[in-house]
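Chain and residue survey
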Amino acid sequence: MKNRCRVPDSASPADVCHCSYVEQPIFSTRAHVFQIDPNTKKNWVPTSKHAVTVSYFYDSTRNVYRIISLDGSKAIINSTITPNMTFTKTSHKFGQWADSRANTVYGLGFSSEAHLSKFAEKFAEFKEAARLAKEKSQEKMELTSSPSQESATGDLQSPVTPESINGTDERVTPDAAFNAESRTELNAVPFPHSSTSITKHWEAELAALKGNNAKLTAALLESTANVKQWKQQLAAYQDEAERLHKRVTELECVSGQTAGIKTQKTELNQTIEELEAELKAKEEELEKLKEEVENANLLQMQKDSLAQKLQETQVRNAQLETRLSDVEERLESSRQEGESFRKSLRSLLELLDGKIFELTELRDSLARLLEDGSS
């Protein structure tokens, strides 16, 4: 590597731009660059309108590795790799890392998973090299115990994590898709014989449906917000693609094209392909969201149907309770009539017993009379 220059942590965009032309990068790739929103600490803000070159640089004078990216003459990334940094893959095409010195979180969107994996491998490799360099620096400091050398290690600071900047452990990505997980299956159950069991059963079903309805409502609101945001992004991508197509046409019309113009044309065509691929992916996500909304509407219809059945069951339950009360009254009346009938029978039996006893005495008297008359 020749003509190296040192890029200080507080370098201006012009200094970074000048150094990037003097010192050759050790690894480069192309990606869309994002930074965390400083206000919300959750949403991503794009810092480049299209894919730009992101490079790793090595500063031999300080034995540090940096990630630098330029958008024209503007430095949109100037991050020094430290041993405590972590590059996290949040999707198959998106990764992020936190930089405590810049007090932000950087995000990179790649055109393929292979590019993301290669960038992550390089990040881990240079992070390990930074760790070894720090250990060597600490060993020298312990051996020499020199105040000037101790102060030299103060440049390597522990970066903040995305959690410390956001205030939560939530990771957000710009291509996060809506997934409705609150789907329930209604299993048929035997119709209970007790009216109380019927009511409890339908009340439990209604409570479960109300919970699912609340989840679906929140998911629908979130999907609506995501759809609006994606429509805005799609419109921006379409405008950018149209502008790039016009730019390509203008470049093709220019006679005597130079090597630089051809290179720009190739980059613009590559950017157009990337935008078209992202546009197609967004359209597929919109179709999935439409299907989720239809499923949510179907569940809402099922919930309304069950609520109506519950109301009908409650009415029927009230009717059955009324009939049960009538039957109990009739049963009580029949019991009282039977008791009265049994009392009448006992009285009649007692009367018959008295008559039978009188007839028996009369028979005995007649028998005695017959015996007396015959003697």
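Look up: the structure comes first, before these words.
Described below are features of the structure shown in this document. (Residues numbered from 1 in each chain as written. Predicted model: local features only at pLDDT ≥ 70, side-chain atom pairs only at ≥ 80, totals over all residues. Heavy atoms only, no water.)

Thoughts on the overall build of the chain
- Summing up its helical and strand segments, the chain has six helices and eight strands in all.
- The linear arrangement of helices and strands in the chain, starting from the amino end, is α-β-β-β-β-β-β-β-β-α-α-α-α-α.
- Within the chain, contacts between residues at least 6 apart in sequence are counted, and of these 61% link residues at least 24 apart.
- On the chain, roughly 24100 Å² of surface is accessible, and the fraction owed to carbon and sulfur atoms is 52%. (Helix = DSSP H or I, 4+ residues; strand = E, 2+ residues; numbered from the N terminus. Contact = heavy atoms within 4.5 Å. Areas by Shrake-Rupley, 256 points an atom, 1.4 Å probe, with all protein chains shown as cover.)

A look at the environment of Pro-38
- One can find Pro-38 in the loop between strand E1 (27-36) and strand E2 (44-46).
- As for Pro-38 and Thr-104, which are separated by 66 residues in sequence, their C-alpha atoms are 7.5 Å apart.

Structural notes on the nonpolar core
- Ile-67, Ile-77, Trp-97, Leu-108 and Phe-119 are the most contacted members of the largest nonpolar core, which has 23 residues in total.
- Sorting the residues of this core by element identifies E1, strand E3 (52-59), strand E4 (64-71), strand E5 (74-80), strand E8 (104-109) and helix H2 (113-144) as the ones contributing at least two each.
- Per-element tally for this core: the top contributor is H2, with five residues.
- Ignoring anything within four residues of it in the chain, the contact list for Trp-97 reads Ile-67, Ile-77, Ser-79, Met-85, Thr-86, Phe-87, Val-105, Tyr-106, Leu-108, Phe-119 and Phe-123.
- With eight residues, the next largest nonpolar core counts Val-248, Leu-251, Leu-268 and Leu-275 among its residues. (Core = buried A, V, L, I, M, F, W, Y, C linked by side-chain atoms within 4.5 Å. Buried < 20%, exposed > 50% of the residue type's maximum accessible area, 1.4 Å probe, protein only.)

Some details on the pairing of E4
- Among the eight residues in E4, seven count as buried, and that is most of the element.
- As paired strands, E3 and E4 are joined by six bridges and run antiparallel to one another. Following the sheet pairing, Asp-59 is matched in E4 by Val-64.
- Between E3 and the antiparallel strand that follows it, E4, lie four residues; Asn-63 among them carries a positive phi value of about 60 degrees.
- The sheet contact formed by E4 and E5 spans six bridges and is antiparallel. Across the sheet, residue Arg-66 finds its bridge partner in E5, namely Thr-80.
- In textbook terms, the turn of a hairpin is the stretch between consecutive antiparallel strands, and for E4 and E5 this stretch comprises two residues, one of which, Gly-72, has a positive phi near 75 degrees. (Pairing = 2+ DSSP bridges.)

Some remarks on unusual backbone geometry
- Even without glycine at this site, Lys-41 takes up a positive phi of about 60 degrees.
- Of note, Lys-41 is situated in the loop between E1 and E2.
- A positive phi is found at Asn-103, a non-glycine position, where the angle reads about 55 degrees.
- For Asn-103, the position within the fold is in the loop between strand E7 (94-99) and E8.

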